[in-house]
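Take a look at the letters that make up each chain.
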Amino acid sequence: MNFMASKTPTPAPVAPKTRPKEDDGGSVVLERRTQKTKPPQMYQVVMLNDDYTPMEFVVVVIQEFFNKDRETATQIMLKIHLDGKGICGVYSRDVAATKVDQVQEAARQAGHPLQCVSEPIE
C-alpha cells in the first residue's frame, strides 16, 4: 500500500506588497486633550449637642478622632454646646463616614447619646 499524495501541494498565495500612499494634505489628525478631573466631593463631620453627654467626653473624642489639640477641641465643644452643632473636620466621603462611625461607637461604648453626622459641603 502506497499512501503518497499524487499531487504536490501548491504554496499559499502571497499578498502583493503595497507602498503607503503619500499624504495629500487632506488627512485629519486628532489632538490629544488632557482630561482634568474634578476634586472629590468633600464632607464635613458635624457633632450635635445633647443634654446628657459630658463636655469632657466630647473634648476627648475630638482630640482622639480628629487630631485636635486640647484648646481647639475645647473651642469646638463650646461651639457644639452653644450653637447646637459644631464642625469637627472636613474629609472625603469615605473618611468622613469612618470618623462618624468611630465617634458613634465610642459614644455607645461609653453609654452616651452623642450624635455625629457628615454633610456634603456645597
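Scroll up for the structure.
Residues numbered from 1 in each chain as written. Predicted model: local features only at pLDDT ≥ 70, side-chain atom pairs only at ≥ 80, totals over all residues. Heavy atoms only, no water.

(A) Spotlight on the side chain of Lys99. Along the polypeptide, Lys99 turns up in helix H3 (residues 93–110). Despite being buried, Lys99 has no salt bridge partner; Glu64 is the closest side chain of opposite charge, sitting 10 Å away. Among the polar contacts listed, one links the side chain of Lys99 to the backbone oxygen of Phe65, at a separation of 2.6 Å. Here Lys99 is in contact with Val45, Phe65, Phe66 and Tyr91, once residues within four sequence places are set aside. (Helix = DSSP H or I, 4+ residues; strand = E, 2+ residues; numbered from the N terminus. Buried < 20%, exposed > 50% of the residue type's maximum accessible area, 1.4 Å probe, protein only. Lys, Arg positive; Asp, Glu negative; His and termini not counted. Salt bridge = Lys/Arg side-chain N within 4 Å of Asp/Glu carboxyl O. Polar contact = N/O pair within 3.5 Å; in protein donor to acceptor, adjacent residues only side chain to side chain. Contact = heavy atoms within 4.5 Å.)

(B) Spatial organisation of the packing of helix H1 (residues 55–66) against H3. Contact geometry for H1 and H3: axes closest at 11 Å, N-to-C directions at 140°. Along this stretch, H1 crosses H3, giving a crossing that reads as right-handed. Contacts between H1 and H3 involve Phe57, Val61, Phe65 and Phe66 from the first element and Lys99, Gln102, Val103, Ala106, Ala107 and Ala110 from the second. Looking at side-chain class alone, the contact of H1 with H3 contains eight nonpolar, one polar and one charged residues. (Axes fitted to C-alpha atoms, helices over the stretch in contact; angles between N-to-C directions. Left-handed = near helix turned anticlockwise from the far one by under 90°. Nonpolar A, V, L, I, M, F, W, Y, C, P; charged D, E, K, R; others polar.)

(C) Representation of the packing of aromatic side chains within the structure. A full pass over the atoms with the stated rule returns one aromatic pair. Pairing Phe66 with Tyr91 gives two aromatic rings, centres 6.4 Å apart and planes at 35°, and the pair type is tilted. Taken as a pair, Phe66 in helix H1 and Tyr91 in strand S2 (residues 85–92) lie far apart in primary sequence, 25 residues in all. Like Tyr91, Phe66 is buried. (Phe/Tyr/Trp six-rings, centres within 6.5 Å; stacked < 30°, edge-to-face > 60°.)

(D) Examining the sheet that holds strand S3 (residues 115–120) more closely. In space, the three strands of this open sheet follow the order S2-S1-S3, with antiparallel pairing throughout. Two strands bound the open sheet, and with one partner strand each, they are S2 and S3. Strand-to-strand, the axes of this sheet are offset by a mean angle of 25°, without reference to chain direction. Of the strand pairs in this sheet, strand S1 (residues 42–48) and S2 are connected by seven bridges, and their pairing is antiparallel. Bridge pairing in S2 places Tyr43 opposite Tyr91. Running at roughly 160° to S1, H1 makes contact with S1 and S2 of the sheet. (Pairing = 2+ DSSP bridges.)

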